[in-house]
Amino acid sequence: MKRNLKSFVTFSTLAATAIAPVLLSADMASAKPTGTDANYIGAGVAAGVTNGGQDNDAATFGGNIQGRVTTSKAPVSLRGAVLFSDDTSAIMPIVSYDVPVTNNANVYVGAGYSFIEEDGQPTPLGNKNAPVVTVGAEAQLGRNIVVYGDTKLGIEAYEDSPASAVSIQAGAGYRF
């Protein structure tokens, strides 16, 4: 329980750090921000910040490929993420709830599942299949570029360990 509380506190702190710049840059004169409705695919870096305490559990640095498909009818998006290391990848389908904070930016919270290609091999988000929650922000720059950053928490995402995994991602995408 103590380890899960520590993971939750770490996850919350990192999420607040990632989202704060977007919230602080919001235009206060805007009565109701529209956010961004951009569908995009992007790439960037992924950094695991936790350790499961066993072999092949070390925090791992790698990359990410992320995408978003949304609808104008509801503030819900389907997201996909692949976090990869030198050894293997974690593939995640995620459903998110999006909240506009400016006319070109959203914050979001979502849930999904992480599928590890090779169980036991390290990724930035642990080394076994696990439920995932995420919190992040995205902003559209110009007509076709979107930047994003998020934090993912893999719940009990390490083999032979009750530890949860935390990973931080950042990248840029192309709007389609």
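Trainee: Can you help me understand the overall build of the protein chain in this one?
Mentor: Along its length, the protein chain carries one helix and eight strands. In the protein chain, which comprises 176 residues, the share counted as buried stands at 46%. In the protein chain, 57% of the contacts between residues at least 6 apart in sequence involve partners at least 24 apart. Accessible surface for the protein chain amounts to roughly 8,800 Å². Of this, 62% is attributable to carbon and sulfur atoms.

Trainee: Would you mind going over the nonpolar core with me for this structure?
Mentor: Looking at soluble globular proteins, one finds that nonpolar side chains tend to be buried together. Counting residues in each nonpolar core, the largest one holds 14 residues, and the members touching the most others are Leu-83, Met-92, Leu-125 and Ala-165. Going through the elements one at a time, β3 (76-84), β4 (89-102) and β6 (130-141) are the ones with two or more residues in this core. For this core, the element with the highest residue contribution is β4, accounting for three residues. Counting residues in hydrophobic clusters, the runner-up holds five residues, among them Ala-105, Val-107, Ala-137 and Ala-139.

Trainee: Explanation requested: the layout of surface pockets in the structure shown.
Mentor: Empty space among the atoms becomes visible once a probe the size of a water molecule is rolled across them. Here the largest pocket defines a volume of roughly 220 Å³. Residue lining of the largest pocket: 15 residues in total, with Thr-34, Thr-36, Thr-71, Ala-74 and Pro-75 positioned closest to the centre. Every element with two or more residues in the lining of the largest pocket is listed here: β2 (61-70) and β4. Taken together, the residues of the lining of the largest pocket break down into four nonpolar, seven polar and four charged.

Trainee: Sorry, what's going on with the packing of aromatic side chains here?
Mentor: Pairs of aromatic rings are described using the distance from one ring centre to the other and the angle between the two planes. Throughout the structure, instances matching the rule amount to two aromatic pairs. Between Tyr-40 and Tyr-148, the aromatic rings sit 5.9 Å apart at their centres with planes inclined by 20°, giving stacked as the arrangement. Remark: Tyr-148 occurs in strand β7 (residues 145-154) and Tyr-40 occurs in strand β1 (residues 40-48); sequence separation between them is 108 residues. Under the relative-accessibility criterion, Tyr-40 is labelled buried at 2%. Given the relative accessible area of 4%, Tyr-148 is considered buried. Ring centres of Tyr-113 and Phe-115 lie 5.0 Å apart, and the angle between their planes is 55°; on these two criteria the pair is classed as tilted. The exposure class assigned to Phe-115 is partly exposed, which follows from its relative accessible area of 41%. We note Arg-79 situated over the ring of Tyr-108; from NZ or CZ to the ring centre the distance is 3.6 Å.

Trainee: Explain empty space enclosed by the protein to me, please; I cannot follow it from the model alone.
Mentor: Going through the model one piece at a time under the given rule, you end up with one cavity of 30 Å³ or more. Roughly 70 Å³ of volume is contained in the largest cavity. Taken together, Tyr-40, Gln-66, Gly-67, Arg-79, Gly-80, Ala-81, Ile-94, Tyr-108, Thr-134, Tyr-148, Asp-150 and Lys-152 make up the full set of residues lining the largest cavity. Put simply, the parts of the chain that give the lining of the largest cavity at least two residues each are β2, β3 and β7. In the lining of the largest cavity, the residues fall into five nonpolar, four polar and three charged.

Trainee: Looking at this structure, I do not really get the pattern of salt bridges. What am I missing?
Mentor: Side-chain pairing between opposite charges can occur once the charged atoms of the two side chains come close. By the definition in use, this model includes six salt bridges. With a shortest N-O distance of 3.4 Å, Glu-138 and Arg-68 are connected by a salt bridge. Placement of the pair is Glu-138 in strand β6 and Arg-68 in strand β2, with a sequence separation of 70 residues. Here Glu-138 and Arg-68 have matching classes, each one buried.

How each quantity is defined
Residues numbered from 1 in each chain as written. Predicted model: local features only at pLDDT ≥ 70, side-chain atom pairs only at ≥ 80, totals over all residues. Heavy atoms only, no water. Helix = DSSP H or I, 4+ residues; strand = E, 2+ residues; numbered from the N terminus. Buried < 20%, exposed > 50% of the residue type's maximum accessible area, 1.4 Å probe, protein only. Contact = heavy atoms within 4.5 Å. Areas by Shrake-Rupley, 256 points an atom, 1.4 Å probe, with all protein chains shown as cover. Core = buried A, V, L, I, M, F, W, Y, C linked by side-chain atoms within 4.5 Å. 1 Å grid on protein atoms, 1.4 Å probe; cavity = no way out; pocket = protein on both sides within 12 Å on 5 of 7 lines; lining within 4 Å. Points joined across faces, edges and corners; volume = space filled by probe spheres on them. Nonpolar A, V, L, I, M, F, W, Y, C, P; charged D, E, K, R; others polar. Phe/Tyr/Trp six-rings, centres within 6.5 Å; stacked < 30°, edge-to-face > 60°. Lys NZ or Arg CZ within 6 Å of the ring centre and 35° of its normal. Salt bridge = Lys/Arg side-chain N within 4 Å of Asp/Glu carboxyl O.

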